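Survey of secondary and tertiary structure
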There are 2 protein chains.
Amino acid sequence: MGKVNIKSIAAALNLSPATVSRALNDSYEIKDETKERVLAYAAEHNYRPNPFARHLKTGKTNLIGVVIPFLSSPFFLEFIDELYKAVLPQHYTLIPFQTQNCEKMEKEALDFLTSQNVAGIIVSPAHENSNTKLLQHIHHHTCPIILFDRTQHCLDTYKIGIHNSLETYNATEELIKKGRTKIAFLCGKDIGNTKDRIRGYKNALHNYAIPFREEYVIHADYQDPTENIESELIAVFKKLQEKDNMPNAIVGGTDTLSIKILGVLAALNLAVPQDVAVIGFTNTNLANYLNPALSTIRQPTQKMAQLALELLLELIDKKQDRRDMLYENFLLEATTIYRKSTEIA
Amino acid sequence: MGKVNIKSIAAALNLSPATVSRALNDSYEIKDETKERVLAYAAEHNYRPNPFARHLKTGKTNLIGVVIPFLSSPFFLEFIDELYKAVLPQHYTLIPFQTQNCEKMEKEALDFLTSQNVAGIIVSPAHENSNTKLLQHIHHHTCPIILFDRTQHCLDTYKIGIHNSLETYNATEELIKKGRTKIAFLCGKDIGNTKDRIRGYKNALHNYAIPFREEYVIHADYQDPTENIESELIAVFKKLQEKDNMPNAIVGGTDTLSIKILGVLAALNLAVPQDVAVIGFTNTNLANYLNPALSTIRQPTQKMAQLALELLLELIDKKQDRRDMLYENFLLEATTIYRKSTEIA
DNA sequence: TTGTAAGCGTTATCAC
DNA sequence: GTGATAACGCTTACAA
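What counts and what doesn't
- Per chain, residues are indexed from 1 in the order of the written sequence.
- Chains and ligands are labelled by the order in which they are written, letters from A for the one and numbers from 1 for the other.
- Local features in this predicted model are restricted to residues whose pLDDT is 70 or higher, and side-chain atom pairs enter the listing and the counts only when it is 80 or higher, whereas totals over whole chains, interfaces and linings include all residues.
- Water and hydrogen atoms were dropped before computing side-chain values, which therefore reflect all heavy atoms in the structure.
- Helix and strand definitions follow DSSP, with helices as H or I runs of at least four residues and strands as E runs of at least two, each counted in order from the N terminus.
- Just to be clear, the radius of gyration here is over C-alpha atoms, and the globule rule we use is 2.2 Å times residues to the power 0.38.
- Here the Shrake-Rupley method, with its probe set to 1.4 Å, supplies the accessible areas, and only the displayed protein chains count as covering residues.
- For the purpose of counting charges, residues Lys and Arg are taken to be positive, whereas Asp and Glu are taken to be negative. His and the chain ends are not included.
- A charged residue contributes its charge at one atom only: NZ of Lys, CZ of Arg, CG of Asp or CD of Glu.
- Here, a strand pair is defined by DSSP locating no fewer than two bridges between the strands.
- Here the axes come from fitting lines to C-alpha atoms, over the contacting stretch only for helices, and the angles between their N-to-C directions go from 0 to 180 degrees.
- What makes two residues a contact is simply this: any of their non-hydrogen atoms within 4.5 Å.
- We superpose the copies by least squares over the C-alpha atoms of residues that have a pLDDT of at least 70 in both of them.
- The criterion for a residue being near a molecule or strand is simple. One of its heavy atoms has to lie within 4 Å of it.
- Residues adjacent in sequence count toward polar contacts only when both atoms are side-chain atoms; beyond that, a polar contact is any pair of N or O atoms within 3.5 Å, and within protein one must be able to donate a hydrogen and the other to accept it.
- Ten residue types, Ala, Val, Leu, Ile, Met, Phe, Trp, Tyr, Cys and Pro, are classed as nonpolar, four, Asp, Glu, Lys and Arg, as charged, and the remainder, Gly among them, as polar.
- Once two parts are joined, some of their accessible surface, as seen by a 1.4 Å probe, is lost; buried area is that loss totalled over both.
- A side-chain nitrogen of Lys or Arg and a carboxyl oxygen of Asp or Glu constitute a salt bridge if their distance falls within 4 Å.
- Here a helix's expected span is defined as the number of its residues, less one, multiplied by 1.5 Å.
- Remark: exposure states derive from per-residue accessible area (1.4 Å probe, protein chains only) relative to the maximum for the residue type, with buried under 20%, exposed over 50%, and partly exposed in between.
- Here the nonpolar core consists of buried residues drawn from Ala, Val, Leu, Ile, Met, Phe, Trp, Tyr and Cys, with membership extended through side-chain atoms lying within 4.5 Å.

Chain A has the name LacI family DNA-binding transcriptional regulator in an unreviewed UniProt entry, where Sphingobacterium micropteri is given as its organism.

This is the structure:
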């Protein structure tokens, strides 16, 4: 297979490699006729520039790294999917990585991406302050970084998220208004948003003069969304039942837990929403078909993805020093959809 | 930022670039002491080889392309997720692409991947014979390709799938044994597996002397799994109702439709499984929490991903001509999980 | 055991 | 307008 490259094109057309390169890059110096000849020949022979040679020379790539905790979490999946759609008309390629909420894996992903000379990176950090120095160094010296979802991270750059405390405040308030006072809050380990979401939950309780109970903030420890955490949750709720403290409403503070809580309550023979009303924080379209249909707080993944890409491309294009910029913190609006799981008679 | 590269390391240690390169690659020619010095310095200065330079020289990369129809389809998502897990201990990086079942997008993905010099590609083709020539050319001359899921594609290589007709045969048979005879089959457009799955369905009917009805094979046309196809399906079933031909059981032949059918039946005020029993072909863990819990045929995504990677790496390593090889067609076993949606009293 | 030098395919800087 | 030529960072004969 005679490889077709700039040199072979040049030889075939009696031109120099330099001229061919300029013609292919539509340089103003080259006369139209030559350009046409080159482009025609290139098209005919299905010429594709070698990105490695080009990038070696220019130091630039059209790659965009995406670093997320999990692909198997509905929110991140939707986000990635929207990012793919947004990037389609652009001339960039996504390289997604999962960190499993693990700082070390995140570091590996970031190292790999920088070694690939990516043009920019979109990140939802593994932890509130994971890889701070590395992220800072990359953002300042290597390529721009945009943060999304877990925007509590201290890296100074554009951040895209939602108003977490407001959303859980509203969800909690809704349950209170429906007459429920024993409201539990379900959350994973300390991953960024958790604090804000708990704060909204607490504030709602406070504003309605409902005493806050530590035992109603239920922390579930899981490494992976596909992990079987149901049994652990069942145990927790059983204990509450024994103490006659079973909540009659639950706010699910994460994607993963929101989905699984229905199974847990079913296993405990508790009826939703009669015994326990539930509102989840998740982006799965299946919420409508769950048993019962689950009320959910949905994040605007499409807008988030589009904005993330837009801001990233903006930073990629402008060459200014990214240390002294003024970055905006975008708080987009989530949408709460009320379904059967909160329909209290 | 003084970039650290082989030259700078060589200068710092009073060695030649060649020696440094060999030391970094653990060449047998270099004495241990030198290796240690080089490795220590490299580690200390956080040296990362420039992959573009390396690949420009060697013509090899550690990239693996993955081409799937959709990320938002539970089966493909699980597959990709398992692939990520499988590739973790290896020294390879995944570059996933979605084709949206569109041959043109598939071609673009393949072109891009070959231009990136990927070491190999794992593909579930957009259509039964999409990009046949291109795939063949790549497999023979550029890098190995493994096919999965849609293994009807004629490219001669390792293929990994399940016994589609057998699985739908069993599912259909199960419904028949439970006394249902008006069994519909729900499928998307002609994407590879559909034919086989319909065949299994037909065979089961045949073996139990149940006449096959063309109108019970319901083709739903969707471009994207997130598309709202419910209304179209509702219309189809309404027509059947009007003719008093409403099926009392449904076999869902694709991921996407299997999930959505419950919503459709709910909208039609049909009780599952009393009025209509349903068994779906899908890999979502949420099946258990759906309303009602959905019986499903699950594909062994983990085994599929592991096997795909294993076979691909095998082909990457052995340099033999891939045209004259004897390729196996792996048909793995799916698992059917029976839940409420088929529990007929 | 190490050094020298050529070359991978492209682009940029000159020169003509 | 076009052509030489050098250079990007790395690997690999071939020399020493």
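Moving on, we come to the overall build of chain A. Looking only at helices and strands, chain A features 12 helices and 12 strands. In terms of C-alpha radius of gyration, chain A reaches 26 Å, well past the compact-globule figure of 20 Å for 345 residues. When its C-alpha atoms are laid out on the principal axes, chain A stretches across 90 × 40 × 30 Å. When the accessible area of chain A is evaluated, it comes to approximately 15,300 Å², of which 49% is carbon and sulfur surface. Across chain A, the mean location of the 38 positive side-chain charges is 3 Å away from that of the 40 negative side-chain charges.

With that settled, consider the sheet that holds strand β8 (residues 249-252) of chain B. What holds strands together in a sheet is hydrogen bonding between their backbones, with the strands either parallel or antiparallel. Residue and element names in this part refer to chain B. If you walk across this open sheet you meet the six strands as β7-β6-β8-β9-β10-β12, and the pairing is mixed. Strands with a single pairing partner mark the edges of an open sheet, and in this sheet they are β7 (217-219) and β12 (335-337). On average, each strand axis in the sheet is inclined to that of its neighbour by 15°, with strand direction left out of account. Each of β6 (183-187), β8, β9 (277-281), β10 (295-298) and β12 touches helix α8 (residues 164-177); the most contacted strand, β9, lies at about 165° to it.

Superposition record for chain A on chain B: RMSD 0.1 Å, screw rotation 180°, translation along axis 0.0 Å. Within this description, the copies of the chain are treated as partners about a two-fold rotation axis. When the interface residues of chain A are mapped onto chain B, 100% of them are again interface residues, pointing to one common binding face.

Before going further, it helps to examine the sheet that holds strand β12 (residues 335-337) of chain A. All names here are of chain A. Within the open sheet, the six strands sit side by side as β7-β6-β8-β9-β10-β12. Their pairing is mixed. The sheet is open, and its two edges are formed by β7 (217-219) and β12, each paired on a single side. Within this sheet the neighbouring strands show an average axis-to-axis angle of 15°, counted without direction. With four bridges connecting them, strand β6 (residues 183-187) and strand β8 (residues 249-252) associate as parallel partners. Its bridge partner lying in β8, L186 is registered against G252. Contacts from helix α8 (residues 164-177) reach β6, β8, β9 (277-281), β10 (295-298) and β12, with the element oriented near 165° to β9. Its contacts with the sheet place helix α10 (residues 230-242) against β6, β7 and β8, and it is angled at close to 150° to β7.

This part covers the protein's contact with DNA strand C. The immediate surroundings of DNA strand C are formed by 26 residues, with I6 and Y47 of chain A together with T19, T34 and K57 of chain B found nearest. Close to the protein, within 4 Å, the atoms of DNA strand C are drawn from sugar and phosphate at a rate of 64%. R54 of chain A has a polar side-chain atom sitting 2.9 Å from a phosphate oxygen of DNA strand C. At 3.1 Å, a side-chain N or O of K57 of chain B approaches a base nitrogen of DNA strand C. For the surface near DNA strand C, the secondary-structure elements that each account for two or more residues are α1 (6-13), α2 (17-24) and α4 (51-58) of chain A together with α2 (17-24) and α4 (51-58) of chain B. Of all the elements, α4 of chain A adds the most residues to the surface near DNA strand C, at four residues. Split into classes, the residues belonging to the surface near DNA strand C amount to nine nonpolar, nine polar and eight charged.

What follows deals with the interface of chain A and chain B. Counting residues at the interface gives 43 residues for chain A and 43 residues for chain B. Summing the contributions of chain A and of chain B, the shared interface buries around 4,000 Å²; its carbon and sulfur component is 64%. At the boundary of chain A with chain B, the tally comes to zero salt bridges. Where chain A touches chain B, the interface holds 10 residue pairs in polar contact (both at pLDDT 80 or more). Within the residue set of the side of chain A that touches chain B, elements represented by two or more residues are α4, α5 (74-87), β2 (93-98), α6 (103-115), α7 (132-142) and α11 (255-267) of chain A. Considering every element that reaches the side of chain A that touches chain B, the biggest residue donor is β2 of chain A, with six residues. A per-class count over the side of chain A that touches chain B returns 21 nonpolar, 15 polar and seven charged.

Residues and elements named next belong to chain A. In this model, α6 (13 residues) spans 18 Å end to end at C-alpha, consistent with the 18 Å of a helix rising 1.5 Å per residue. All buried positions along α6 are accounted for by M105, E106, A109, L110, D111, F112, L113, T114 and S115. Positive backbone phi, at 60°, marks N117, one or two positions downstream of α6.

Attention now goes to the nonpolar core. In summary, soluble globular proteins display a tendency toward joint burial of nonpolar side chains. Residues F237, I250 and L265 of chain A together with F237, I250 and L265 of chain B are the most contacted members of the largest nonpolar core, which totals 100 residues. Setting aside residues up to four positions removed in sequence, L265 of chain A forms contacts with M246, I250, L270, V272, V276 and V278 of chain A.

Right, let's talk about the protein's contact with DNA strand D for a bit. Around DNA strand D, the surrounding shell holds 26 residues, and the nearest of these are T19, R22 and T34 of chain A together with I6 and Y47 of chain B. A share of 64% is what sugar and phosphate atoms reach among the atoms of DNA strand D within 4 Å of the protein. At a separation of 3.1 Å, a phosphate oxygen of DNA strand D approaches a polar backbone atom of K31 of chain A. Between a base nitrogen of DNA strand D and a side-chain N or O atom of R22 of chain B, the distance comes to 3.3 Å. For the surface near DNA strand D, the secondary-structure elements that each account for two or more residues are α2 and α4 of chain A together with α1 (6-13), α2 and α4 of chain B. Ranked by residue count, the leading element in the surface near DNA strand D is α4 of chain B, at four residues.

The next thing to look at is the pattern of salt bridges. In total, this model carries 24 salt bridges over all chains according to the counting rule given. Where D111 of chain A meets K107 of chain A, a salt bridge forms, and the shortest distance between an N and an O atom there is 2.6 Å. A residue pair is termed a helical-turn pair when its members lie 3 or 4 positions apart in one helix, as D111 of chain A and K107 of chain A do in helix α6 at four residues. Its relative accessible area of 10% is what places D111 of chain A among the buried residues. Accessibility expressed as a relative area gives 36% for K107 of chain A, which makes it partly exposed. A salt bridge links R22 of chain B to E29 of chain B; the shortest N-O distance between them is 4.0 Å.

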